[in-house]
Amino acid sequence: MKAVGVTRQPPQRRGGDSETRLTIRVDFGAHGALGPGKIRLMELIGEKGSITAAGRAMKMSYRRAWLLVDTLNRMFREPLIETQHGGSGGGGAVLTPLGQRVVALYRGIEAGASTTASASLGELEDALSNELASESDISG
């Protein structure tokens with residue numbers, strides 16, 4: 001089965017720098033999932049006021065950014081992102097109050113889990129080999 005979603009290369013470990021972090025993904029069954037990529041896209045939309053600019057900042061195609069926004073808006077009872085069509089003032093996008101709340105809830109879950117798991121993550125990191133895993137060895 002092929003994994004669905006964003007695939008990222010692990011960061012290069014540098015001597016003494018802790019790169020270990022907990023990544024949270026909330027699965028809603030048939031409703032989809034909410035993870036760091038969608039949350040970051042929402043944060044950038046809030047900052048930049050544009051889906052296109054937010055996607056560009058994430059090195060994401062225009063189409064991919066719009067598809068993710070559509071997915072996010074369909075996942076919840078109310079839209080998380082509202083768009084305004086172009087015109088004399090141009091278009092744009094904003095997070096709705098629910099969108100802002102979803103981002104805040106996710107970041108709260110993430111912070112709480114990171115705090116709780118801190119000691120265990122440190123112990124796991126201490127047990128890592130000094131050699132980096134090859135790409136073919138990385139499967140989770």
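Calculation rules
- Residues numbered from 1 in each chain as written.
- Predicted model: local features only at pLDDT ≥ 70, side-chain atom pairs only at ≥ 80, totals over all residues.
- Heavy atoms only, no water.
- Helix = DSSP H or I, 4+ residues; strand = E, 2+ residues; numbered from the N terminus.
- Buried < 20%, exposed > 50% of the residue type's maximum accessible area, 1.4 Å probe, protein only.
- Polar contact = N/O pair within 3.5 Å; in protein donor to acceptor, adjacent residues only side chain to side chain.
- Expected span 1.5 Å × (residues − 1).
- Arc of directions from axis to C-beta.
- Contact = heavy atoms within 4.5 Å.
- Salt bridge = Lys/Arg side-chain N within 4 Å of Asp/Glu carboxyl O.

Asks: Sorry if this is basic, but what is going on with the side chain of E110 here?
Replies: Along the chain, E110 falls in helix α4 (residues 97-126). A relative accessible area of 19% means that E110 is categorised as buried. A polar contact is formed between the side chain of E110 and the side chain of R107, at a distance of 2.7 Å.

Asks: Hey, could you run me through helix α3 (residues 62-75) in this one?
Replies: Note on helix geometry: an α-helix contains 3.6 residues per turn, so any two residues three or four positions apart are oriented the same way. The end-to-end C-alpha distance of α3 is 20 Å, a good match for the 20 Å that 14 residues give at a rise of 1.5 Å each. Looking only at α3, the buried set comprises A65, L68, V69, L72, N73 and M75. Take α3 and look down its axis: the buried residues cluster within an arc of 160°, on one side only. In α3, the exposed positions that point more than 90 degrees away from the buried face belong to R63 and R74. Of the surrounding secondary structure, the elements contacted by the buried residues of α3 are β2 (33-34), α1 (36-48), α2 (51-57) and β3 (81-84).

Asks: I would appreciate a short explanation of unusual backbone geometry in the present structure.
Replies: When glycine is set aside, most residues are seen to have a negative phi, and most peptide bonds are trans. Backbone geometry places K59, a non-glycine residue, at a positive phi of 55°. Mapped onto the elements, K59 comes out in the loop between α2 and α3.

Asks: Quick question: what am I supposed to make of the environment of G49 here?
Replies: Note on placement: G49 falls in the loop between α1 and α2. Using a relative accessible area of 26% as the deciding quantity, one classes G49 as partly exposed. Here the alpha-carbon distance between G49 and G91, two residues 42 residues apart in the chain, equals 9.0 Å. Beyond its immediate sequence surroundings of up to four residues, G49 is in contact with L44, G92 and A93.

Asks: Mind showing me how you'd approach the pattern of salt bridges here?
Replies: Pairing between side chains of opposite charge can happen when their charged atoms approach one another. If you walk through the whole model with that rule in mind, you get six salt bridges. Notably, a salt bridge pairs R25 with D27, separated by 2.7 Å at the nearest N-O pair. D27 shares its class with R25; the two are exposed. The partner of E47 in a salt bridge is R40, with the nearest N and O atoms 3.6 Å apart. Exposure remark for E47: the relative accessible area of 56% places this residue in the exposed category. Each member of the salt-bridge network shares a partner with another, and the members are R40, E43, E47, R107 and E110.

Asks: Is there a simple way to think about the environment of S118 in this case?
Replies: Its location among the elements puts S118 in helix α4. Sequence spacing of S118 and T20 is 98 residues, and the spatial spacing of their C-alpha atoms is 9.6 Å.

Asks: What is the right way to look at α4 in this model?
Replies: For α4, with 30 residues, the first-to-last C-alpha span of 41 Å sits near the 44 Å given by 1.5 Å per residue. Contacts made by the buried residues of α4 are with β1 (26-27), β2, α1 and β4 (92-95).

Read these as geometric descriptors, not functional statements.
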